[in-house]
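Spelled out from the first residue to the last, the chains are:
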Amino acid sequence: MKAKTVAIVLVLSRDEQPSGATGLARRFVSAMPSDDGQVAVPWLDVDVETLGGERNVDFEQSMTAISIRHPPGVLGDVLWVSTLTFLDGGDAGSSLVLSSILGGPAFTRIWSYLVRTADAVTRALKPRCATLGGLLTSDNPAAVLRDEHVPRTFAPWTYVSLEGLGDDVVAGLRGLPDCTIREAANGVVIEAVEDVHSPPTQRFVDALAALPVVPRVTYKDLTFPVPPVR
């Protein structure tokens, strides 16, 4: 598998940001799971200062990112560092994006850790929606999120808060076929595939497109992009 940019994207509304982006970043990193007793930590001194400060203007204005070193046990002796970025989407909400360039034979183990990470930070921050998959061309919340806070594009791992959704949308999400659906935070996590190297079924893609939201929901895999349904 060629190296891919893989990201966890959390979209939060304005009222979910009382501590500002710096406080959200601290909560994000604190929630990341341990591996073999080791935890994720800021990598460089400047990253320690950013997370330890009251409010970091450069981070909150999306002018800088925080480098996060993952637990050493995930990849043995190989250093694995991701970047955590804040994107302000105005009234549409804001995003925290944890991105990595990944690939190689250890990808399955890495993916398993990223799923645990996505689960943990979703429980902690309770976003409007979240995805784990290939980094989209635009992760500005205004482009990712529709009014019903259902993501415009689903990924192999997708979380949707059910708060405020219409009964028909909730029923459609809970009824998606050929996937794993489980309760999480204020909504559901939908895992579209058992093997992240494989595409979802056409039934799943068709059911996404049939959700009662406008425009139609599409799907983007890590290695097998599915064209939008028109």
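Look above for the structure.
Reference entry: report on the structure contained in this document.

About the cut-offs
Residues numbered from 1 in each chain as written. Predicted model: local features only at pLDDT ≥ 70, side-chain atom pairs only at ≥ 80, totals over all residues. Heavy atoms only, no water. Helix = DSSP H or I, 4+ residues; strand = E, 2+ residues; numbered from the N terminus. Buried < 20%, exposed > 50% of the residue type's maximum accessible area, 1.4 Å probe, protein only. Patch = residues over 30% accessible without salt bridge, like charges linked within 9 Å, V, L, I, M, F, W, Y side chains within 5 Å. Areas by Shrake-Rupley, 256 points an atom, 1.4 Å probe, with all protein chains shown as cover. Salt bridge = Lys/Arg side-chain N within 4 Å of Asp/Glu carboxyl O. Axes fitted to C-alpha atoms, helices over the stretch in contact; angles between N-to-C directions. Parallel < 35°, antiparallel > 145°, perpendicular 65-115°, else oblique. Left-handed = near helix turned anticlockwise from the far one by under 90°. Contact = heavy atoms within 4.5 Å.

## Re the environment of Ser30
No. 1: Positionally, Ser30 belongs in helix H1 (residues 20-31).
No. 2: The class for Ser30 is exposed, based on a relative accessible area of 65%.
No. 3: In sequence terms Ser30 and Ala40 are 10 residues apart; their C-alpha atoms lie 7.9 Å from each other.

## Here's the deal with a nonpolar patch on the surface
No. 1: Taken together, Trp43, Leu44, Val46 and Leu79 make up a surface patch of nonpolar side chains, about 380 Å² in accessible area.
No. 2: Residue placement: Leu79 occurs in the loop between strand S3 (66-69) and strand S4 (81-88).

## Quick look at the packing of H1 against helix H4 (residues 107-125)
No. 1: Running from N to C, H1 and H4 cross one another at 135 degrees; their axes reach a closest spacing of 8 Å. The pairing of H1 with H4 is recorded here as oblique in orientation. Viewed along their axes, H1 and H4 form a crossing whose handedness is right-handed. Contacts between H1 and H4 involve Leu24, Arg27, Phe28 and Ala31 from the former and Ala120, Val121, Ala124 and Leu125 from the latter.

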